[in-house]
Amino acid sequence: MAEIDHQAELGRAGAHVTGHWSRLLFYMRQHPLGAAGAVIVIVFVFSALFADVIAPRDPLHTSAPDSLKEPGTAFLMGADMMGRDVLSRIIHGARISLTVGVASILLGGVIGIVIGLMSGYLLGWFDLLMQRLIDIMQALPLLVLALVMAASLGPSLENTIIAISIPLVPNVARVVRSSTLSLREMPFVEAARAAGMSELRVAVRHVLPNTLAPLIVLFTAQLGAAILVEASLSFLGLGVPEPHPSWGRMLSESAAEYVRVAPWLVIFPGLAISLAVFGTNLFGDAVRDILDPRQRS
């Protein structure tokens, strides 16, 4: 009897796994560009997590005899002006870009969720004040506001994360506020109030979880923008400083002086930035189409 129950359990588990695979294959067929974007994102995440194992050389090791060595068997993507392996620096640069992008989105998301939830739930003077502040922040483009923040804080990894996260707050706050305004009048929220729950518990326990679906879409869409802004700040010397290998700083060090004699110093970091932004945007569009009921056919 026990063996029969065990076999039935295994059968149910197998059917569950098969159902997940079938659903995944269905989404891949429905959104081939999103699947391609997901593959690109997975490759960059894998490179970031295992950069120390994948990279053929130390990204900080310099070698004067190998200065500006062309791509070949020794250096697959060539070497820079200090003899550092470009491939190793690009692989380790994925760790910097993803760390800054994800940390910026999480920090800006937490601040935006708090502001949006309080603004949409409390209303009154707090909502009026927060909305005017958000209007002022949204009047400036993302890159311009990040430049102002980075110039004020100074170049460092932590300051770059803060400089990028602050401009992301208004979009998150607006999305959470709009969802909260519609949810606060729903019957289940009224029932929670009638049961004697405090307003804070109702907001956190019942309203906030129902705003997560649009936030997931927003976060995936903003990841590419955060990576691009980090590269722009590093290119201008306001982002992640040396000795951290950053794609934007790799471009700024070589774009003007070595673009004619060593074009690989510009081509490969530029391709890394383009692929990362392109992949995250494709993946974000697919997530939006899957989670947003208005996009479904």
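Asks: Could you give an account of the environment of Ser165, naming the residues involved and the relevant values?
Replies: Tracing the backbone through its elements, the reader meets Ser165 in helix H7 (residues 157-183). Assessed through its relative accessible area of 1%, Ser165 is described here as buried. Considering only alpha carbons, one finds Ser165 and Gly109, 56 residues apart in sequence, at a separation of 7.9 Å. Setting aside residues no more than four positions away along its own chain, Ser165 makes contact with Ser104, Leu107 and Gly108.

Asks: Now, about the side chain of Asp127: what can you tell me, with residues and values included?
Replies: Along the chain, Asp127 falls in helix H5 (residues 124-138). One polar contact links Asp127 to Ser119, side chain to side chain, over a distance of 2.3 Å. Not counting the four nearest positions on each side in its chain, Asp127 is found in contact with Ser119 and Arg177.

Asks: Please give an account of empty space enclosed by the protein that cites residues and values.
Replies: In this approach the atoms are scanned with a rolling probe the size of a water molecule, which exposes any empty space left behind. Tallying each qualifying case throughout the model produces 2 cavities of 30 Å³ or more. Each pocket or cavity is described by its volume, and for the largest cavity that value is around 70 Å³. Lining the largest cavity are Asp80, Met81, Arg84, Val86, Arg89, Met250, Glu253, Ser254 and Leu265. Among the elements that make up the lining of the largest cavity, the one with the highest residue count is helix H11 (residues 247-258) (3 residues).

Calculation rules
- Residues numbered from 1 in each chain as written.
- Predicted model: local features only at pLDDT ≥ 70, side-chain atom pairs only at ≥ 80, totals over all residues.
- Heavy atoms only, no water.
- Helix = DSSP H or I, 4+ residues; strand = E, 2+ residues; numbered from the N terminus.
- Buried < 20%, exposed > 50% of the residue type's maximum accessible area, 1.4 Å probe, protein only.
- Contact = heavy atoms within 4.5 Å.
- Polar contact = N/O pair within 3.5 Å; in protein donor to acceptor, adjacent residues only side chain to side chain.
- 1 Å grid on protein atoms, 1.4 Å probe; cavity = no way out; pocket = protein on both sides within 12 Å on 5 of 7 lines; lining within 4 Å.
- Points joined across faces, edges and corners; volume = space filled by probe spheres on them.

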